[in-house]
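# Close look at the chain arrangement
One letter stands for each residue in the lines below.
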Amino acid sequence: MESQLGMMIPVLFLHGLVYGMLIFLVASGLTLVMSMMDILNFAHASIYMIGAFICYQIIQWTNSFWIALVVAPLICGLLGILMERGLIRKVHASGHVNELLLTFGLAMVIMEVMKWIYGTNPLPVPVPPQLTQSVQLWSDVKYPVYRLFILVLSAVVLAFMFYLLKRTRLGISIRACVQDGEMAHALGTNVSIVFATVMGIGTWLAGIAGVIVAPYLSVYPGMFSDMILDCFAVIAVGGLGSLGGVLVASLIVGQVQSFGVIYLPSVSIILIYLVMVLVFIVKPRGLFGKKE
Amino acid sequence: MTPVLRLNGVSKHFGGIHVIDDVNLEIVKGERHALIGPNGAGKSTLFNLITGFYSPTKGTIHFKDRRIDGLAPYRIIRLGIARSFQIINIFKDMQVYDNVRNAIVAKHNYSLTVTHTLASLNKVKEETEYILSRINLKPFQKELAGTLGYGQQRALEMGLTIALDPDLVLLDEPGAGLTPEETRDVIKLIREVTADKTLIIVEHDMDVVFDLADRISVLNRGRILATGTPEEIKQNESVREVYLGSLFEENSIQDR
Amino acid sequence: MNRSIETFGILLVLILAILYPLVAGKFHIYLLTEIMIYSILGLSYYLLLGHTGLLSIGHAVYFGIGGYTTALFLQRVPNLPVSLTLLIGAFSGLLAGFLIGSMVLRLTKIYFSFATLAFSQMVWAIAWKWRGLTGGDDGLTGWSAREFVVPFLDRFSLTNVTFLYYLAFSITVFTIVICWYFTRTPLGNTLSAVKSNPNRVNFLGINISVAKLMLFGFTGLIAGLSGSLFILFKKMVAPNFLDMFMSFDVVVMSVIGGYSSFLGPIIGSFVYVYMVEYLSSITDRWQLIMGVFFMLLILFYPKGIVGMFNQFSRKLTFLSRKNYL
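Residues numbered from 1 in each chain as written. Chains lettered and ligands numbered in written order. Predicted model: local features only at pLDDT ≥ 70, side-chain atom pairs only at ≥ 80, totals over all residues.

## Remarks on the overall build of chain B
Of regular secondary structure, chain B possesses 9 helices and 10 strands. Over its C-alpha atoms chain B spans a radius of gyration of 19 Å, differing by no more than 12% from the 18 Å that the globule rule assigns to 256 residues. With respect to the three principal axes, the spread of C-alpha positions in chain B is 60 × 40 × 35 Å. Buried residues in chain B amount to 45% of all 256 residues. A separation of at least 24 residues holds for 66% of the contacts in chain B among residues at least 6 apart in sequence. (Helix = DSSP H or I, 4+ residues; strand = E, 2+ residues; numbered from the N terminus. Rg over C-alpha atoms; globule rule 2.2 N^0.38 Å. Buried ≥ 20, exposed ≤ 12 C-beta atoms within 10 Å, placed from the backbone. Contact = placed C-beta atoms within 7 Å.)

## Thoughts on the overall build of chain C
Secondary structure summary: chain C contains 14 helices and 4 strands in total. For chain C, with 325 residues in total, the buried portion stands at 50%.

## Looking at the interface of chain C and chain B
With 22 residues of chain C at the contact, the number on the chain B side is 25 residues. Sorting the residues of the side of chain C that touches chain B by element identifies helix H7 (161-184), helix H8 (186-196), helix H9 (198-202) and helix H10 (208-234) of chain C as the ones contributing at least two each. Here the side of chain C that touches chain B is built from residues that sort into 11 nonpolar, 9 polar and 2 charged. (Nonpolar A, V, L, I, M, F, W, Y, C, P; charged D, E, K, R; others polar.)

## Side note on the pairing of strand E2 (residues 17-27) of chain B
Residues and elements named next belong to chain B. Where strand E1 (residues 5-14) and E2 come together, 7 bridges link them in antiparallel fashion. Bridging across to E2, Lys12 finds its partner in Ile20. The loop that links E1 with its antiparallel partner E2 comprises 2 residues; one of these, Gly15, has a positive phi angle of about 65°. (Pairing = 2+ DSSP bridges.)

## Section: the interface of chain C and chain A
The partner chain A presents 31 residues to the 31 residues of chain C that form the contact. Of all the secondary-structure elements, those providing two or more residues to the side of chain C that touches chain A are helix H5 (109-129), helix H11 (244-257) and helix H13 (286-300) of chain C. Ranked by residues supplied to the side of chain C that touches chain A, first place goes to H5 of chain C with 12 residues. Taken together, the residues of the side of chain C that touches chain A sort by class into 23 nonpolar, 4 polar and 4 charged.

## A closer look at the nonpolar core
All names here are of chain A. In this structure, Val26, Ala52, Cys55 and Cys231 are the most contacted members of the largest nonpolar core, which totals 269 residues. At 16 residues, the largest contribution of residues to this core is made by helix H1 (residues 2-37). Non-local contacts of Ala52, meaning those with residues more than four positions away in its chain, are made with Gly210, Val211, Val213, Ala214, Val219 and Met223. (Core = buried A, V, L, I, M, F, W, Y, C linked by C-beta atoms within 7 Å.)

## Topic: the sheet that holds strand E5 (residues 66-67) of chain B
Residue and element names in this part refer to chain B. With antiparallel pairing, 4 strands are arranged side by side in an open sheet as E2-E1-E4-E5. Of all strands in the sheet, those bounded by a partner on one side alone are E2 and E5. Across 2 bridges, strand E4 (residues 58-63) lies against E5 in antiparallel orientation. Within E5, the position partnered with His62 by the bridge is Arg67. Sheet strands touched by helix H1 (residues 43-50): E1, E2 and E4. Its angle to E2, the strand with the most contacts, is close to 65°. (Axes fitted to C-alpha atoms, helices over the stretch in contact; angles between N-to-C directions.)

## Structural notes on the packing of helix H9 (residues 223-238) of chain A against helix H10 (residues 243-263) of chain A
Residues and elements named next belong to chain A. Running from N to C, H9 and H10 point in directions that differ by 125°, and their axes come no closer than 8 Å. The angle between the axes of H9 and H10 places the two elements in the oblique class. Of the two possible hands of crossing, H9 and H10 adopt the one that is right-handed. Counted together, Asp230, Ala233, Val234, Ile235, Val237 and Gly238 of H9 and Gly245, Val246, Val248, Ala249, Ser250, Ile252 and Val253 of H10 form the full contact between these two elements. Taken together, the residues of the contact of H9 with H10 sort by class into 9 nonpolar, 3 polar and 1 charged. (Parallel < 35°, antiparallel > 145°, perpendicular 65-115°, else oblique. Left-handed = near helix turned anticlockwise from the far one by under 90°.)

## As for unusual backbone geometry
Leaving glycine aside, a negative phi is the common case for residues, and trans is the common case for peptide bonds. The backbone of Asn63 of chain A shows a phi angle near 60°, a positive value even though the residue is not glycine. Position of Asn63 of chain A among the secondary structure elements: in the loop between helix H2 (44-62) and helix H3 (65-92). In the Ramachandran plot, Lys64 of chain B falls in the positive-phi region, its phi being about 50° despite a non-glycine side chain. Residue position: Lys64 of chain B is located in the loop between E4 and E5. Classification of Lys64 of chain B as partly exposed rests on a count of 16 C-beta atoms within 10 Å.

## Points about the environment of Val97 of chain A
Relative to the helices and strands, Val97 of chain A is located in helix H4 (residues 96-118). A C-alpha to C-alpha distance of 42 Å links Val97 of chain A and Tyr146 of chain A, two positions 49 residues apart in sequence.

## Describing the packing of H3 of chain A against H4 of chain A
All names here are of chain A. Put simply, H3 and H4 touch, their axes get as near as 8 Å, and they point 150° apart. It follows that H3 is roughly antiparallel to H4 by the angle criterion. Where H3 crosses over H4, the two elements pack in a sense that is right-handed. In this structure, H3 contributes Leu87, Ile88, Val91 and His92 to the contact, and H4 contributes Asn98, Glu99, Leu102 and Leu106. Residues of the contact of H3 with H4, tallied by class, amount to 5 nonpolar, 2 polar and 1 charged.

## Remarks on the sheet that holds strand E3 (residues 32-36) of chain B
Residues and elements named next belong to chain B. One open sheet holds the 6 strands; their spatial order is E6-E7-E8-E3-E9-E10, and the pairing between them is mixed. The open sheet has two edge strands with one neighbour each: strand E6 (81-83) and strand E10 (223-228). Mean inter-strand twist for the sheet, computed between neighbouring axes without regard to direction, equals 15°.

## A few points about the arrangement of the chains
Ranked by contact count, the leading pair among the 2 pairs of chains in contact consists of chains A and C. When C-alpha atoms are compared, chain A and chain B, though not in contact, are closest at a spacing of 10 Å.

## A short note on the confidence of the model for chain B
Here chain B averages 88 in pLDDT, while 94% of its residues score no lower than 70. Taken as a whole, residues 249-256 of chain B scores under 50 in pLDDT and shows 8 contacts with residues more than four places along the chain or in a different chain. (pLDDT = per-residue confidence, 0-100.)

## Remarks on H10 of chain A
In this model H10 of chain A runs 30 Å from its N-terminal to its C-terminal C-alpha over 21 residues, within 8% of the 30 Å that 1.5 Å per residue would give. Among the residues of H10 of chain A, those classed as buried are Leu243, Gly245, Val246, Leu247, Ala249, Ser250, Val253, Gly254, Val256, Gln257, Ser258 and Gly260 of chain A. (Expected span 1.5 Å × (residues − 1).)

## Digging into the environment of Ala211 of chain C
Mapped onto the elements, Ala211 of chain C comes out in helix H10. Residues Ala211 of chain C and Leu229 of chain C, 18 residues apart in the sequence, show an inter-C-alpha distance of 27 Å. Leave out the neighbours within four places in its chain, and Ala211 of chain C touches Leu112 of chain B together with Leu187, Thr190, Leu191, Val194 and Ile206 of chain C.

## Quick notes on the confidence of the model for chain C
Interpretation of this model should avoid reading the predicted coordinates in detail wherever pLDDT is low. The predicted model of chain C has a mean per-residue pLDDT of 91, with 99% of residues at 70 or higher. ipTM for the predicted complex: 0.88, alongside a pTM of 0.89.

Below you can see the structure in the form of structure tokens.
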């Protein structure tokens, strides 16, 4: 038993990594939007869910996971921009409270729509045939290739994000807007376009997460609520506006979930909340949060 | 006589920027002390430090011989310091009467009580009306504070500060944006209400400063250039350098 | 003039409410009882959001904790009078308010809102998992046979719909009175000031954190009371009484009535319950419709029914002035 668990630790670690990266894909977009536009978009995780459902639907039609992987996130990105332009702008004028309430309502409505179209039962999405095997990692530890794929894909996306933010003009504009939107505006940045772009990229990322999670965790109308809470935990722990912080926090949360489910099964559900409480008490702005 | 307020080696750093650098200041009881200096010199920051909104990076602040740096603002206010704000900081969507009443209730330490209704507290009523008449806002008491004209909002801003009946009053540019007549009224009001109190006033209007102040401190780039009587400051070489002489011309009002 | 119209209006409503069970069928008495219990919950939420500006999106947690506590005492301490379990439930809401408040109030705006949700989800998760205590997703039942002893009067069965109506009615009236009183106290006024300009309140020498914590305790108490009453009414308690959808319902009710107004939650609960009743009888998709309705309200009538009414009466005043000038 001991040695089995010992074998399990690296596997659990990988699980945690996979889950952590998934959360990061969704939370990264959310934290940028939140810190730039000062709104809490409840419906962000709903877009993640929509991504998963679109993936399911595309596979139903075309039987190709890869088409879904390309198309669904694009649709999600578009939806994000629509959401920002159409709804959030309208309500921005009537204050923070109404903004939050609107996105809260939107999340509920999206869930109900998914329920209506697809019912409440989890929908199975098959792992793409190219990735169904397991790979021999070391001694007798086998690990599903698909999960490794998730890791690789997230790492690629991460690298892309890093490049975008640090090396391109758009990235600089984004970072400027995160730091100080008014100032960026004063210096000539078209803040409104930057907002829309960030929203679009953020939801595109959420869409990717939705697609890759579909074979991994299955698709159902309640999946947004787990994700939004994980996102929040990660943003709260990592600090608003700090992508690095959110990354670290996502990895931590991923490991906590992964090991928690095995070692502390009865408490695992609230483990993540306990971590949050700890962070609230010690560092209310998150581990890497902005000062003042 | 121990000074009412003592700042020893007070510094405030934000990252690499030394907004306040090694400030030493002693304010004597009953004194009217003016704080002047160019924009960005750190005058409002100093007020924020004294009232606890910021904690000093270095140094200590003593009020009536009691150490107050690091205390929360509400604690410091309770000890007897009150400040007004450069940018009007009133309760815009409450009536003028309620604005003043908030301060009166706070002064009496009733703000968290539930044993009586507000309306039943007669002393509060009387004192609110008294302050309202002193700042000449009685006819407007039912208006929402945000609908008042600028000069009246300034008066209310001051009213909120003096309603607390503090021992030490910090006024941050109380004359900002006022017409010359309004400014004269404000000075008169300040004289009256701070008669038995200690006052530190930040002002750009040199007429006001020289009229009111017993002593002046000149702040520049976070450091105190000089402290002294108005005459001493006028003669001071380094002060003249900083202001290039324009400060002391007749009827000068410094550009903002 | 306005005063006497108000007083007359209030008396009229009271009398109608008292006489209602004499003319209405069991079903409508049941519905109105539910409305009243929701009004209590809604009022506690008004004090948080409408009065003080604190956007909590996990308010159902106090409702649920009150309900579960009362249920547990009813199940496990059979000699305890039902009325006492009500009080205990309310008190558990008070404690929860203080506990959760002490942790979420140090956070600002968005974080605060989300933290309220996070804590309510945590409690929901516990309610779901801890079968031994809470019955898990089956919940708890078993007190429908109990009797409620009203001092100086009779004993009433909990299955007596009319009795439950008057019990809810008296508690609702009581709650309205103490909440109204609360808003007139210095603490109530301080909290309004916090809504208006928290920074200045700080500089008046007021400890805002303590003020907010006291508010959390009080609203927890009222919400817990409504939860306790609710489980007596429904004869059961389950984890969905404190999940995010219940919290969302509280928000919807408040928005319908007008979340910045004292009367808002009362009017809102009334409209909400009847809307749900009607919609669910004609379609399965009533939750979707309610959600869309809610969004439309936020976009076009964020001030709710009270807001619409105020707008209307302002137009009337304006028109009448024009005519008589």
